[in-house]
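Single-letter residue listing:
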Amino acid sequence: MASLIGETVFESNGQAPAPSKDFYQLVITKKEVIWRFWKISLRSEFRNTNPGELRETHKEYLDDSSLQAQIATVLGANIVSYTLNLCRGNFDYLERLPDALLLYLILYLDLEDVAQLSQTSRRFEKLCSSDALWERIVENSCDTITPEMRALSKELTDLQDYTDYIT
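What you are looking at is a predicted structure, and each value in this text was computed from that prediction instead of being measured. (Residues numbered from 1 in each chain as written. Predicted model: local features only at pLDDT ≥ 70, side-chain atom pairs only at ≥ 80, totals over all residues. Heavy atoms only, no water.)

Student: Quick question: what am I supposed to make of helix α2 (residues 65-75) here?
Tutor: For the α-helix, the turn length of 3.6 residues means that residues three or four positions removed from each other point alike. Among the residues of α2, those classed as buried are Leu67, Gln68, Ile71, Val74 and Leu75. Looking straight down α2, one finds that the buried residues subtend no more than 130° of arc, so they occupy a single side. α2 presents Ser65, Ser66 and Thr73 as exposed residues on the side facing more than 90 degrees away from its buried surface. The inward-facing, buried residues of α2 abut β1 (8-15), β2 (23-29), β3 (32-38), β4 (52-57), α1 (58-63) and α3 (77-87). Residue aspartate 64 occupies the N-cap position of α2, its side-chain oxygen lying 3.2 Å from the main-chain nitrogen of serine 66. Note on α2: the residue one or two positions beyond its end, glycine 76, has a positive phi of about 110°. (Buried < 20%, exposed > 50% of the residue type's maximum accessible area, 1.4 Å probe, protein only. Helix = DSSP H or I, 4+ residues; strand = E, 2+ residues; numbered from the N terminus. Arc of directions from axis to C-beta. Contact = heavy atoms within 4.5 Å. Polar contact = N/O pair within 3.5 Å; in protein donor to acceptor, adjacent residues only side chain to side chain.)

Listed below in structure tokens is the structure:
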């Protein structure tokens, strides 16, 4: 499973809360936490300000409540919680699998389990409601799918798309 983890484990970026226009980037690698920042200002005293970068080991980051507070202000408390888990070595391997493989695995779940899985994250909600998944579930459940059935499915999908468009 460790081979699923690349050098960069997590990356996120964002803008500081208003009225600030400053831009920030957080990168978690296998060995360190990198916090980059760019001062964005129309004021002449800040025009020549160079971008900054702070690098800490995972252990240093776990002890640095000041940096954690700064990250929480820009990216949110959930990101801080997630990064703390990453720095403790708690990796979410399932989130790192490609969509095609996850769709293949989801096919083996009962329909009730698919519904519950769809409520765990945005990514799984998208996968569990994808046409690709449901087409394969229907194909696996039905003995034969005739060309007429495919045509009817296409018509219903087009009608739903049109209905969504006009509403």
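Student: How should I be thinking about α3 in this particular structure?
Tutor: Turning to α3, its buried residues are Ile79, Val80, Thr83, Leu84, Leu86 and Cys87. Buried positions in α3, seen along its axis, are confined to an arc of 160° and lie on one side of it. Residues Ala77 and Asn78 are exposed on α3 and point more than 90 degrees away from its buried face. In the core, the buried residues of α3 are packed alongside β1, β2, β3, α1 and α2. At the C-terminal side of α3, glycine 89 shows a positive phi close to 95°.

Student: Would you mind going over the side chain of glutamine 68 with me for this structure?
Tutor: Tracing the sequence through the fold places glutamine 68 in helix α2. A residue is classified by how much of its surface remains accessible, and glutamine 68, at 14% relative accessible area, is buried.

Student: In this structure, what is going on with the sheet that holds β1? I would like to understand it.
Tutor: The strands making up a sheet associate through backbone hydrogen bonding, with each pair oriented either parallel or antiparallel. Strand order in the open sheet made by the four strands is β1-β2-β3-β4, with antiparallel pairing throughout. Lying at the two open borders of the sheet, with one neighbouring strand each, are β1 and β4. Across this sheet, the average inter-strand angle for adjacent strands is 10°, counted without regard to direction. Two strands pair when backbone bridges link them, and β1 and β2 are joined in this way by seven bridges, in the antiparallel orientation. Following the sheet pairing, threonine 8 is matched in β2 by threonine 29. Against the sheet, α3 touches β1, β2 and β3, its axis set at about 160° to β1. (Pairing = 2+ DSSP bridges. Axes fitted to C-alpha atoms, helices over the stretch in contact; angles between N-to-C directions.)

Student: Quick question: what am I supposed to make of the pattern of salt bridges here?
Tutor: It is possible for side chains of opposite charge to pair when their charged atoms get near one another. Summed over all chains, the structure comprises six salt bridges. For the salt bridge of lysine 39 with aspartate 22, the shortest nitrogen-to-oxygen distance reads 3.5 Å. Separated by 17 residues along the polypeptide, lysine 39 in the loop between β3 and β4 and aspartate 22 in the loop between β1 and β2 bring together distant segments of the chain. Linking glutamate 53 and arginine 36 is a salt bridge whose minimum nitrogen-to-oxygen distance equals 2.6 Å. (Salt bridge = Lys/Arg side-chain N within 4 Å of Asp/Glu carboxyl O.)

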